[in-house]
Amino acid sequence: MLDTRSKSEAGDYGVSTADAVPALISFFDAGHVCRFANDHHIHWYGRTPGQLVGSHMRDFLGETLYAKRHPYLERVAAGETVSFEAEVPHCSGGSREAAIRYVPRIADGRFEGFHTLVFDLSREQNRFHSVFDGTIVGFVEIDLRGVRRVMAELASEVADIAAQIASDITIVRRVLDCTPIVGLNEKACQMLGVVPTEAVGKPLGIWCPDETMAVWKGVFLDYIARKVSHEAETVIRRQDGTNLDVILSAAYPKRPEEQIFVVVGLVDISERIAREKALARAQLDLAHAGRVSVLGELAASITHEINQPLSAIMANGNAALRWLNRPVADLNEARAAIGHMILEGERASRIIARTRAMAMKGSGERTVFELKPTLAEAIEITRRQIGILGASCTLTGCDAPIRILGDRVQMQQVIINLIVNAAQAMSQGGSPGRVVEVGFQMEGPRAKVRVVDTGPGLDAVGAARLFEAFFTTKADGMGMGLSVSKGIVEAHGGTIVACNNAGPGCTFTIDVPIMAADERDLGEGSATLRFA
């Protein structure tokens, strides 16, 4: 159909509609000669439809681009509707990216030609890249086909894919190592320390250190569960081998069966983490200075109070000796003096007990508390403090509730002390994998809590004197933490012991009684009772 643009044709609804659409609409015959072109060609090619009709497709595209169309032209000639994206020459110079669709026209079983629809993608792409490259968020686009292959393999081997992934973290590494990066923006390049060509086509796992596998497991499990998104704090490994603290944000495809590309967002939080660590160090230094100051005041107070009974003991001791050294010993007076010595000794003991009670954080009130949340809270309290030492902490145990009758805050004080000590030991020993493992279990009528580290362990002297007051292996230690901890545990009717592991490090084991069912009412109603 030649486009002579006669009056009758101009009034044709098909022509009017084609001219109104902001896209290139045309018809080429079987020999690839243009037989119709709408008015939008004026804006694209700078030529009117009358100038274009009768031209060959190579006149539109040029020889090189026309040659690239051959696979699509062969498919449409076979009666197939073809959609693709490609470059199309533009009158402004150069080419523009366009979405193209070829629709065959078949009459009496014979291919007569094809309709073309060409939509300009450059405006949308410019909008996309202005956001994609101009944001402070690093975007990494990944290909999910490797993920789907792994899932298909797992589906043929196990009944519950999510349970298998949850129990076998090596699957996560396998998934990351077969998930290629297909694109990343400028901010992501800065964060990873790469240029695009150094990252595109490489597996995502290159930038995911082993210590982040637990976070990526959560990302993968949420993808399987078809959640909307997942967000977590983690680290990525830069090209130079250093780690960068980031917030990882993964938005999952709405139609997983159709979409194979997704974008992972990365927000650099290294400065925030550095400030938090600096603040935590300052808090530690301030707390240490406060403890030293309090210890000085406490020592002065103890010295003043203890000196009185000690002076009385010495005076009564000397008096007893004088009564005994007389030519005729006055045993009654000697006995009286010794009795006064005993009373003054008991007075000194009470002063020490009162001081020790002040040293123990907590009210000393007996309440019923569950062990697991108590341990979890202690771990959360120490997270930043041990993070400065390059360590982390995990919690494992039974699901059954374990109830203890005692002072919850004091027991937390013991756990906090053991976790921090373990992290410090691993830091001093240079352990590569610095993970403090806190585990708990129920053994008959008692609960056992174990704090395990991979530090240098205990030597013979340290093991023998570990719980002695003022004994310490730290250059800046006071030697009070484990001694006070031992007193707290024993006040709860329990024991605390330490031993070296078969491998590196040592294990502290706390053994305390569990509140029996028939004691529950008594325990829960005894909030005013205090430890002796």
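Keep in mind that this is a model prediction, so the values were computed, not measured. Sequence positions are assigned chain by chain, starting from 1 and proceeding in written order. Local features in this predicted model are restricted to residues of pLDDT 70 or higher, and side-chain atom pairs are both shown and tallied only at a pLDDT of 80 or more, whereas totals for entire chains, interfaces and linings draw on every residue. As a rule here, side-chain values come from all non-hydrogen atoms in the structure, and water together with hydrogens is ignored.

Engineer: How do you make sense of the overall build of the protein chain when you look at a structure like this?
Structural biologist: If you tally the helices and strands in the protein chain, you get 20 helices and 17 strands. Relative accessibility thresholds used throughout: buried, under 20% of the residue-type maximum; exposed, over 50%; partly exposed, between the two (1.4 Å probe, protein chains only). A burial count over the protein chain gives 36% of its 532 residues as buried. Contact criterion: two residues are considered in contact whenever any of their non-hydrogen atoms come within 4.5 Å of each other. Across the protein chain, contacts joining residues at least 24 apart in sequence account for 61% of those joining residues at least 6 apart. Surface exposure of the protein chain reaches about 29,200 Å², of which carbon and sulfur atoms provide 56%. Numbering of helices and strands runs from the N terminus, with a helix taken as a DSSP run of H or I at least four residues long and a strand as a DSSP run of E at least two residues long. To be clear on the numbers: accessible area is Shrake-Rupley with a 1.4 Å probe, and residue cover counts the displayed protein chains and nothing else.

Engineer: I keep staring at the sheet that holds strand 2 (residues 34-37) and nothing clicks. Help me out?
Structural biologist: Strands in a sheet are paired, the pairing made by backbone hydrogen bonds, and the direction either parallel or antiparallel. Two strands are said to pair when DSSP picks up at least two bridges between them. The strand order 2-1-5-4-3 describes an open sheet built from 5 strands, whose pairing is antiparallel. Whereas interior strands pair on both sides, the edge strands pair on one side only; in this sheet they are strand 2 and strand 3 (82-89). Strand-to-strand twist in this sheet, taken as the mean axis angle between neighbours without regard to direction, amounts to 30°. Fitted lines through C-alpha atoms give the axes, limited to the stretch in contact for helices. The angle between two N-to-C directions lies from 0 to 180 degrees. Across the sheet, helix 6 (residues 63-77) lies against strand 3, strand 4 (95-107) and strand 5 (110-120), angled at about 160° from strand 3, the strand it touches most.

Engineer: Could you clarify how one ought to interpret the pattern of salt bridges in this entry?
Structural biologist: Close approach of charged atoms allows side chains of opposite charge to pair. Here a salt bridge means any side-chain nitrogen of Lys or Arg lying within 4 Å of a carboxyl oxygen belonging to Asp or Glu. One pass over the structure, following the stated rule, counts 20 salt bridges. In this structure, R75 and E80 form a salt bridge, with 2.8 Å as the shortest nitrogen-oxygen distance. Judged by its relative accessible area of 35%, E80 falls in the partly exposed class. In this structure, E112 engages R105 in a salt bridge whose closest nitrogen and oxygen atoms are separated by 3.3 Å. Shared partners join several salt bridges into a network, and the residues in it are R105, R110 and E112.

Engineer: How should the state of the cysteines be read in this particular structure?
Structural biologist: Where two cysteines share a covalent bond between their sulfur atoms, that bond is called a disulfide. Put simply, a disulfide is two cysteine sulfurs that come within 2.5 Å. Evaluation of the coordinates by the stated rule reveals 0 disulfides. We note that C499 lacks a disulfide partner, and the nearest cysteine sulfur, in C506, lies 7.8 Å from it. You can call C506 buried: its relative accessible area is 5%.

Engineer: Any chance you could explain the pairing of strand 4 here in plain terms?
Structural biologist: Put simply, side chains in a regular strand alternate between the two faces of the sheet. Pairing analysis gives 8 bridges linking strand 3 to strand 4, with the strands arranged antiparallel. Across the sheet, residue P89 finds its bridge partner in strand 4, namely S95. Counted between consecutive antiparallel strands, the loop separating strand 3 from strand 4 contains 5 residues, among which G93 sits at a positive phi close to 105°. Here strand 4 runs beside strand 5; their pairing, made up of 10 bridges, is antiparallel. Pairing of Y102 across the sheet is with T116, part of strand 5. Where strand 4 hands over to strand 5, the hairpin turn is made up of 2 residues, of which D108 adopts a positive phi near 50°.

Engineer: Mind showing me how you'd approach the sheet that holds strand 14 (residues 435-443) here?
Structural biologist: Taken together, the 5 strands give an open sheet; going across it, the order is 12-14-15-17-16, and neighbouring strands pair in mixed fashion. Two strands in the sheet have a free side with no partner beyond their single neighbour: strand 12 (392-397) and strand 16 (495-500). Sheet twist, expressed as the mean angle between neighbouring strand axes with direction ignored, is 15°. In terms of strand pairing, strand 15 (residues 446-452) meets strand 17 (residues 506-513) through 7 bridges, oriented antiparallel. Within the sheet, the bridge partner assigned to K448 lies in strand 17 and is D511. Sheet strands in contact with helix 16 (residues 371-388) are strand 12, strand 14 and strand 15, and its direction is about 170° off that of strand 12.

Engineer: Explanation requested: the nonpolar core in the structure shown.
Structural biologist: The nonpolar side chains of a soluble globular protein tend to be buried with one another. Each nonpolar core is a collection of buried residues, namely Ala, Val, Leu, Ile, Met, Phe, Trp, Tyr and Cys, held together in the definition by side-chain atoms within 4.5 Å. Within the largest apolar cluster, 40 residues are counted, with the highest numbers of intra-cluster contacts made by I142, L184, W216 and L266. Leaving out residues up to four positions away in the same chain, L266 has contacts with V137, G138, V140, M191, I236, V246, I247 and L248. The next biggest cluster of nonpolar side chains, apart from the first, holds 37 residues, and it includes M411, L466, C506 and V512.

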